[in-house]
Amino acid sequence: MPRRPVPGASVGAGALLQLLRDGVPRTRSELATLTGLARSTVTGRIDALLAAGLIAPTGETASTGGRPPATFSFNPAARIVLGADLGATHARLAVTDLAGNVLAVSNADLDIALGPKAVLDWVVEHGLGLLDEVSRPAADLLGVGIGLPGPVEHSAGRAVNPPIMPGWDGFDVPSYVQERIPVPVMVDNDVNIMALGEHFTAWPQYEHLLFIKAATGIGCGIIASGQVYRGAQGAAGDMGHIRVAGADDVQCRCGNTGCLEAVASGAAIARKLTEQGIQAGGSLDVVELARSGSVPALRLVRQAGRDIGEVLAGAVNFFNPSIIVIGGSLALAGDHLIAGVREVIYQRSLPLATRHLRIAAARTGESSGAIGAGVMVIEHALDPARLDASNDFKTNG
């Protein structure tokens, strides 16, 4: 989320924009007071932001005598972004403004195993179609954000040894997309962008958040001090391959045994139900059975929550989050998954770490990934240091 500049610090046009991104109209005098800048300096910053279209006049305040002072606020309609959330068998696109408001969406069944060129060609074609739908030219596009269902080296925009993405390993996603849409392209794994979208849209008041995606696989997106935490190589949050006690005989697709994903994912529950003579092909079948009241399905979903809670209990002690948000298709089974998570975390984690901890279901739904991919681009492009270093603000910032 946008951060308020510290009075007395170096406050360029970029930092001033961060202050205005909360949408509250402010006068030059108010901005001078908040930033500690001289009013003449604030006027220069405002002029630069107006010229770039990133802020706009919003009228005048009540006057205490003389001419009423003008107010200015963030202009989220100045540019648009395209976010793409690519899953194992689905693709979701969203065009948003600079405040993350969704202007148009497109969803489709799309197999990631078709390979990078076929899938990214679909993203480009339908993404440009969404621009036409909202009557905005490609020149208004600030950038494209893409989430992939596998490990991603964020700095390079490349998938790294993805287990369910044949042909994607090391593929230069940004360059391929930029040949067709010449704007900045950013890539991350799907759980990180879901965490970002959920945080930005539903939980901005929490600085430290863990987002758990429980679906065919299990992953965790980490928000630390309001920002996505990726770790040294982008592998932070890969909780699905942490060993669960007592599950040493269960083989995981990663080659190890006893992994959380192998015992508590939607695919694992479906396998267990099938072994009991209850046909279930995957997470959605598990959800349907649980919603229809199937006792075996509800029991296994609750146990999956406990297994996830076992892993999270250590993370709660180590990271001390403010909130844990449970999402993904398996969370649609009802309260049983979250109840299992809560049961173990509050038993196993330290009282100090759980004193104010909130554990809640995701609110943003299927659009969280596409929104988060767009927010990733927005936060990168509107970073104060990056804006102040750009040609538009070098002389004015």
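Up top is the structure these notes are about.
Cut-offs and rules
In this numbering scheme, every chain counts its residues from 1 along its sequence in written order. Selection of residues for local features in this predicted model requires a pLDDT of at least 70, selection of side-chain atom pairs for listing and counting requires 80 or more, and totals for whole chains, interfaces and linings are taken over all residues. Only hydrogens and water are set aside when side-chain values are computed; all heavy atoms of the structure are taken into account. Here the axes come from fitting lines to C-alpha atoms, over the contacting stretch only for helices, and the angles between their N-to-C directions go from 0 to 180 degrees. The secondary structure listing takes helices from DSSP runs of H or I that are at least 4 residues long and strands from runs of E that are at least 2 residues long, numbered from the N terminus. Orientation is classified from the angle alone, with under 35 degrees giving roughly parallel, over 145 giving roughly antiparallel, 65 to 115 giving roughly perpendicular, and any other angle giving oblique. Handedness of each helix crossing follows the sense of rotation of the near helix against the far helix: counterclockwise by less than a right angle gives left-handed, clockwise gives right-handed. We call Asp, Glu, Lys and Arg charged. Ala, Val, Leu, Ile, Met, Phe, Trp, Tyr, Cys and Pro are nonpolar, and the rest, Gly among them, are polar. Note on classification: 1.4 Å probe, protein chains only; a residue is buried when its accessible area is under 20% of the maximum for its type, exposed when over 50%, partly exposed between these limits. Any pair of N or O atoms that falls within 3.5 Å is considered a polar contact. Within protein, one atom must be able to donate a hydrogen and the other to accept it, and sequence-neighbouring residues count only if both atoms are side-chain atoms. By definition in these notes, contact holds between two residues if any of their heavy atoms fall within 4.5 Å. Here, strands pair whenever DSSP counts at least two bridges between them.

Some points on the packing of helix α10 (residues 295-319) against helix α11 (residues 335-348)
Then comes step 1: Closest axis-to-axis distance for the α10/α11 pair is 6 Å, and the angle between their directions is 40°. Judged by the inter-axis angle, α10 sits oblique to α11. Between α10 and α11 lies a crossing of right-handed hand.
Then comes step 2: Class assignment for the residues of the contact of α10 with α11 results in twelve nonpolar, five polar and five charged.

Thoughts on the side chain of Ser-283
Then comes step 1: Among the secondary structure elements, Ser-283 is positioned in helix α9 (residues 283-291).
Then comes step 2: Judged by its relative accessible area of 6%, Ser-283 falls in the buried class.
Then comes step 3: From its side chain, Ser-283 meets the backbone nitrogen of Thr-216 in a polar contact 3.3 Å long.
Then comes step 4: Residues contacting Ser-283, with those up to four places away along its chain left out, are Ala-215, Thr-216, Gly-266, Ala-267 and Ser-329.

Side note on unusual backbone geometry
Then comes step 1: In the Ramachandran plot, Ser-225 falls in the positive-phi region, its phi being about 55° despite a non-glycine side chain.
Then comes step 2: Among the structural elements, Ser-225 can be located in the loop between β12 (218-224) and β13 (227-228).
Then comes step 3: Judged by its relative accessible area of 37%, Ser-225 falls in the partly exposed class.
Then comes step 4: Here Asn-320, not a glycine, exhibits a phi torsion of approximately 55°, which is positive.
Then comes step 5: Within the secondary structure layout, Asn-320 lies in the loop between α10 and β14 (323-327).

Quick notes on the environment of Ile-223
Then comes step 1: Locating Ile-223 in the fold gives a position in strand β12.
Then comes step 2: We classify Ile-223 as buried; its relative accessible area is 0%.
Then comes step 3: The sequence separation of Ile-223 and Leu-210 amounts to 13 residues, and the corresponding C-alpha distance is 6.3 Å.
Then comes step 4: Leave out the neighbours within four places in its chain, and Ile-223 touches Ala-195, Leu-196, His-199, Glu-207, His-208, Leu-209, Val-228 and Phe-319.

Focus on the sheet that holds strand β11 (residues 209-214)
Then comes step 1: Taken in spatial order, the five strands line up as β13-β12-β11-β14-β15 in an open sheet, and their pairing is mixed. Only two strands of the sheet have a single partner each, and these edge strands are β13 and β15 (358-361).
Then comes step 2: Of the strand pairs in this sheet, β12 and β13 are connected by two bridges, and their pairing is antiparallel. Residue pairing in the sheet places Ala-224 in a bridge with Gln-227 of β13.
Then comes step 3: Along the sheet, helix α6 (residues 190-202) makes contact with β11, β12, β13 and β14, crossing β12 at roughly 50°.
Then comes step 4: Relative to the sheet, α10 contacts β11, β12 and β14, its axis offset from that of β11 by approximately 165°.

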